[in-house]
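Structural characterization, general
Residue strings, one per chain:
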Amino acid sequence: MVRIGFHLFNNGRNNVHDDAQSGRSSNVNFGSFVKKGRQSVNIDPRSGRPSTSRNEDKIAQVKAVVHSDRCLTIRETAQECHISVGSCDEIQKGLHQNMLNMRRVSAKFVPRLLTEDKQFQRLEISSDLFQSENNDPEFMKFIITGDESWAYGYDPETKQQSSQWKTPGSPRPKKARQSKTVNKEFYLDVMRRLREAVRRKRPVLWASSRWMLHHDGAPAHTANLVQQFLTKHGTIQVARPPYSPDMSPPDFFLFPKIKNTLKGHRFQVIETIKQNSTQQLQAISKSEFQKCFED
């Protein structure tokens, strides 16, 4: 008992002595750091071992592999470049300097994939419009963009609006598609009303006879009956690339904005549809129209 107690006492005394010596040494070292102007008590970060999988060569290699086949998964790219999946993921998605900052996205449905000739035609028409704007700063003020769309007494909700909870055994909700076609007679009447609206609401533009119509190449728009009417009244038509709804504000901005607020509501008479459509149209500010291409 005496020997064991003496041994423990000696060990404890040695430990206390060692701790005291260690604390004194640390205090002396920190005191010297303070004299040199140090203010932080945190440990400085250490450089550590340099990364061998996120250097310039590996980043360039990952970039080349991804550009050669953009459908590759991160795991497949990592195997191709002989690096870890984590390093490959950081290179592709990283926001740090020299990282690729890429995100995986799904293909977007478009009305039609353009052929090489159609792509060239789109480029040529866009270049001509851009050049016209540069030559005449007032060019865009003379263009009236027009299109038509159906407003229904009941337009089903969008896919997101119609979503609902269901159990595994319950049937999935369904809804029928609604579609209408605008014919040449209908569009001819639209053109008559458009000319009258320009005469009443834009008298200066009407008097100058410089206003131009910008509409797409739908069959009803290019029908001989409509073209003869526009030619007879001297209406200038602005060229528009084929299958390019992204260049027409009614297609990508105006109609979706109005219809999304009307979907899911029932209207008993046409006048109610007109009133609600007009109300939604007037609720759109001028600044929203001006920024629609920016968004």
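Residues numbered from 1 in each chain as written. Predicted model: local features only at pLDDT ≥ 70, side-chain atom pairs only at ≥ 80, totals over all residues. Heavy atoms only, no water.

Considering the overall build of the chain
For the chain, the count of helices and strands is twelve helices and three strands. Looking at the chain as a whole, 24% of its 295 residues qualify as buried. Excluding contacts between residues fewer than 6 apart, the proportion of contacts in the chain whose partners are at least 24 apart in sequence is 63%. Summing over all exposed atoms, the chain offers an accessible surface of approximately 23,000 Å²; the carbon and sulfur share of this is 53%. (Helix = DSSP H or I, 4+ residues; strand = E, 2+ residues; numbered from the N terminus. Buried < 20%, exposed > 50% of the residue type's maximum accessible area, 1.4 Å probe, protein only. Contact = heavy atoms within 4.5 Å. Areas by Shrake-Rupley, 256 points an atom, 1.4 Å probe, with all protein chains shown as cover.)

Let's talk about the packing of aromatic side chains
Between two aromatic rings, the relevant description is the distance of the centres plus the angle of the planes. Enumeration according to the criterion identifies one aromatic pair in this entry. Aromatic pair F253 and F289: ring centres 5.5 Å apart, planes at 70°, arrangement edge-to-face. Residue F253 is found in helix α10 (residues 249-262), and its partner F289 is found in helix α12 (residues 286-290); the two are separated by 36 residues along the sequence. Residue classification places F289 among the partly exposed residues on the basis of a relative accessible area of 34%. (Phe/Tyr/Trp six-rings, centres within 6.5 Å; stacked < 30°, edge-to-face > 60°.)

A few points about the pattern of salt bridges
Within this structure, the stated rule accounts for nine salt bridges. Residue D189 is joined to R193 by a salt bridge in which the shortest nitrogen-to-oxygen separation is 3.1 Å. Here D189 and its partner R193 are both found in helix α6 (residues 184-201), four residues apart, which amounts to about one turn of the helix. For E288, the salt bridge is made with K257, and the minimal N-O distance between the two is 3.3 Å. Of the two residues, E288 is situated in helix α12 and K257 in helix α10; the sequence distance between them amounts to 31 residues. Relative accessible area serves as the criterion here: at 35%, K257 is assigned to the partly exposed category. One salt-bridge network, held together by shared partners, links E196, R199 and R200. (Salt bridge = Lys/Arg side-chain N within 4 Å of Asp/Glu carboxyl O.)

So, the confidence of the model for the chain
For the chain, mean pLDDT is 77; residues scoring 70 or higher make up 69% of the total. Ranking the elements of the chain by mean pLDDT puts helix α1 (residues 2-35) last, at 50, and helix α9 (residues 224-232) first, at 94. Low pLDDT, under 50, characterises residues 1-23; the stretch is placed with zero contacts to residues that sit more than four places away or in other chains. (pLDDT = per-residue confidence, 0-100.)

A few points about helix α3 (residues 74-81)
Of the residues making up α3, those classed as buried are T77, A78 and C81. Viewed end-on, α3 has its buried residues packed into an arc of 100°, placing them on one side of the element. Opposite the buried face of α3, by more than 90 degrees, sit the exposed residues R75, Q79 and E80. Contacts made by the buried residues of α3 are with α2 (56-68) and α4 (85-93). H82 occupies a position one or two residues after α3 and carries a positive phi of about 60°. (Arc of directions from axis to C-beta.)

Concerning α10
The α-helix advances 3.6 residues per turn, and as a result positions three or four apart in sequence lie on the same side. The end-to-end C-alpha distance of α10 is 19 Å, a good match for the 20 Å that 14 residues give at a rise of 1.5 Å each. Taken as a whole, α10 carries its principal kink of about 35° at F255; the proline P256 stands between one and four residues after it. Every buried residue of α10 is accounted for by P249, P250, F253, L254, F255, I258 and L262. The elements touched by buried residues of α10 are β1 (143-145), α11 (270-282) and α12. Positive phi appears at G264, one or two residues downstream of α10, with a value of about 90°. (Expected span 1.5 Å × (residues − 1). Bend = angle between axes of the 7 residues up to and from the residue.)

A few points about the nonpolar core
Core analysis: the biggest nonpolar cluster contains 20 residues, and Y187, M191, L194 and W211 have the highest contact counts within it. Of all the secondary structure elements, the ones that give two or more residues to this core are β1, α6, β2 (212-214) and α9. Looking at this core, the element that brings in the most residues is α6, giving six residues. Non-local contacts of M191, meaning those with residues more than four positions away in its chain, are made with L213, V226, F229 and L230. Formed by eleven residues, the second largest nonpolar core is a distinct cluster that contains I59, V66, C88 and I91. (Core = buried A, V, L, I, M, F, W, Y, C linked by side-chain atoms within 4.5 Å.)

Concerning the environment of T222
Its location among the elements puts T222 in helix α8 (residues 219-222). Under the relative-accessibility criterion, T222 is labelled partly exposed at 44%. Excluding its chain neighbours within four sequence positions, the residues that come into contact with T222 are G217 and Q227.

Details of the side chain of D216
Topologically, D216 is positioned in the loop between β2 and α8. Here D216 sits buried without a salt bridge, and the closest side chain of opposite charge, R240, lies 4.1 Å off (N-O distance). Polar side-chain contacts of D216 include one of 3.3 Å to the backbone nitrogen of A218. Within the local environment of D216, its side chain forms a polar contact with the side chain of H221, the two groups lying 2.5 Å apart. Not counting residues up to four positions away in its chain, the partners in contact with D216 are D147, H221 and R240. (Lys, Arg positive; Asp, Glu negative; His and termini not counted. Polar contact = N/O pair within 3.5 Å; in protein donor to acceptor, adjacent residues only side chain to side chain.)

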